[in-house]
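Tertiary structure, described
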Amino acid sequence: MRIAVVFRRPPPQSDRDGALRLRRFARRFAARGHEVRVYCLGWWGSDTRQFELDDVVYESVTFDTPPLFYTRIPGLLARHRPDVVLASASPPGAVVSARLGATFARAPLICEWFGDEPEVEGSPWTATAARVPTRVVTPSELQRTRVRELGATESNTTVVPQSIDFSLVADTDPAERRDVVYARRLDEDANLESLLLGLAELRGEDGWTATVIGDGPERADYERQARDLGLADRVEFVGECNREQRVAIYRGAHAFVQTARRELFAEELLWALAAGCVGIVEYQGDSSAHELVERRERGIRVTDMEALDEAIEEAWSYGFRDIEESFRSFDHAAVVDGYLELFRSCGAEAP
């Protein structure tokens, strides 16, 4: 399959989560043997128009004149004649250009709309960008609803979740046993205070331990809160950990608690659930985390912070499990399979 990706600022030009996700999909499509070409602003510092990395061809639409990006995309796609066009919603105007080019190429247009695109708010092209693709792909139902509010429809939107390496989960040895684990960047949206207050209600319970993974501007304040609540000997702040270390901690933990106020996709919760943790989610209006635990046997959702301590105790009543096979459906390979099938169902003529 010939896959054209319209992606004005791919990494390393952008490090937002949605950009990293789209680059990851492009690489995995190429690893499956598909021909992947990314149309972008050139960043590689030479006059060479094309640059290949990880079997993906990056083609510079322009090096230093962003407005030309919009006008050149339709002609480039018409000449390339891909089987499918995959466009980032950043910026919305490029989606409109990609729609024109996809029409010339007689190919479906799929739009990746993660939710962290900085140009969406206030752009005159946002409503059109939500409406014209063959399909708009979001990582969660929360973001799907938001895109529909911008002009998309139920029929032209679908969810493709984030993915994980399930074999890494299965092959990693568990770390020491922990009763509770939390993992996220410790910023103003982390809302770790909810968990700390819940744990403070359980100070009378013997033997439990909790681990906080992550760093950020609010870490010192959270460590102070833990001391003030008398939890310094129960709650360990371990800072940043690599993926292997995190998975080992999750496999040794009983419950993972998610309290962040904002989460377009709760990726750490997903890893922890796959590693067998009971998932406890404090519902937040700007977080999709509750979607991962709804209708799951080992998932608990609370809507009131004051009920968090009871949810933690309930989680401890579940048997310990260090892997959850049902989450194989979130493995990288399975999610990429689903994306490729979406291309075919939208009309991409390829095997």
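For the structure given in this document, a descriptive report is provided here.

Criteria and thresholds
- Residues numbered from 1 in each chain as written.
- Predicted model: local features only at pLDDT ≥ 70, side-chain atom pairs only at ≥ 80, totals over all residues.
- Heavy atoms only, no water.
- Pairing = 2+ DSSP bridges.
- Helix = DSSP H or I, 4+ residues; strand = E, 2+ residues; numbered from the N terminus.
- Axes fitted to C-alpha atoms, helices over the stretch in contact; angles between N-to-C directions.
- Contact = heavy atoms within 4.5 Å.
- Buried < 20%, exposed > 50% of the residue type's maximum accessible area, 1.4 Å probe, protein only.
- Right-handed = clockwise from strand over helix to strand, strands pointing away.
- 1 Å grid on protein atoms, 1.4 Å probe; cavity = no way out; pocket = protein on both sides within 12 Å on 5 of 7 lines; lining within 4 Å.
- Points joined across faces, edges and corners; volume = space filled by probe spheres on them.
- Nonpolar A, V, L, I, M, F, W, Y, C, P; charged D, E, K, R; others polar.
- Parallel < 35°, antiparallel > 145°, perpendicular 65-115°, else oblique.
- Left-handed = near helix turned anticlockwise from the far one by under 90°.

For the rest of this paragraph, the subject is the sheet that holds strand β10 (residues 210-213). Strand-to-strand pairing in sheets goes through backbone hydrogen bonds, with the strands running parallel or antiparallel. Judged by pairing direction, the sheet is parallel, and its six strands sit side by side in the order β11-β10-β9-β12-β14-β16 without closing on themselves. The sheet terminates laterally at β11 (235-239) and β16 (299-302), the two strands that pair on one side only. Adjacent strand axes in the sheet meet at a mean angle of 20° when their direction is disregarded. In the sheet, β10 pairs with β11 via four bridges, with the strands oriented parallel. Bridge assignment links alanine 210 to a residue of β11, and that residue is valine 235. In the packing of helix α7 (residues 192-200) onto the sheet, the strands contacted are β9 (178-183), β10, β11, β12 (253-258) and β14 (278-282), and the crossing angle to β9 comes to about 160°.

Bringing the pairing of strand β7 (residues 135-138) into the picture now. Burial along β7 is two-sided: the face carrying Arg135 and Val137 and the face carrying Val136 and Thr138 are both buried. In this structure, β7 lies alongside strand β8 (residues 157-159), joined through three bridges in parallel fashion. Bridging across to β8, threonine 138 finds its partner in valine 159. Regarding the hand of the β-α-β motif, the stretch spanning β7, helix α5 (residues 141-150) and β8 is right-handed.

For the rest of this paragraph, the subject is empty space enclosed by the protein. Counting across every chain of the model gives one cavity of 30 Å³ or more. One number sums up the size of the largest cavity: a volume of about 40 Å³. Considering only residue class, the lining of the largest cavity consists of two nonpolar, two polar and three charged.

Between helix α2 (residues 66-80) and helix α3 (residues 92-105), the least distance of the axes is 7 Å, while the angle of their chain directions is 20°. The angle between α2 and α3 falls in the class roughly parallel. The chirality of how α2 crosses α3 is right-handed. Taking contact as the criterion, the partners of Phe69, Tyr70, Ile73, Pro74, Leu77 and Ala78 in α2 are, on α3, Gly93, Ala94, Ser97, Ala98, Leu100, Gly101, Ala102, Phe104 and Ala105. Looking at side-chain class alone, the contact of α2 with α3 contains 12 nonpolar, three polar and no charged residues.

The next subject is the sheet that holds strand β4 (residues 56-62). Strand order in this open sheet of eight strands is β3-β4-β2-β1-β5-β6-β7-β8, and the pairing throughout is mixed. If you trace the sheet from one side to the other, it starts and ends with β3 (50-53) and β8, each paired once. Neighbour-to-neighbour, the strand axes of this sheet turn through a mean angle of 25°, independent of strand direction. Packing of helix α12 (residues 332-345) onto the sheet brings it into contact with β1 (2-6), β5 (84-88), β6 (109-112), β7 and β8, and relative to β6 it is tilted by some 145°.

Honestly, that's just the spatial picture; any functional story needs more than this.
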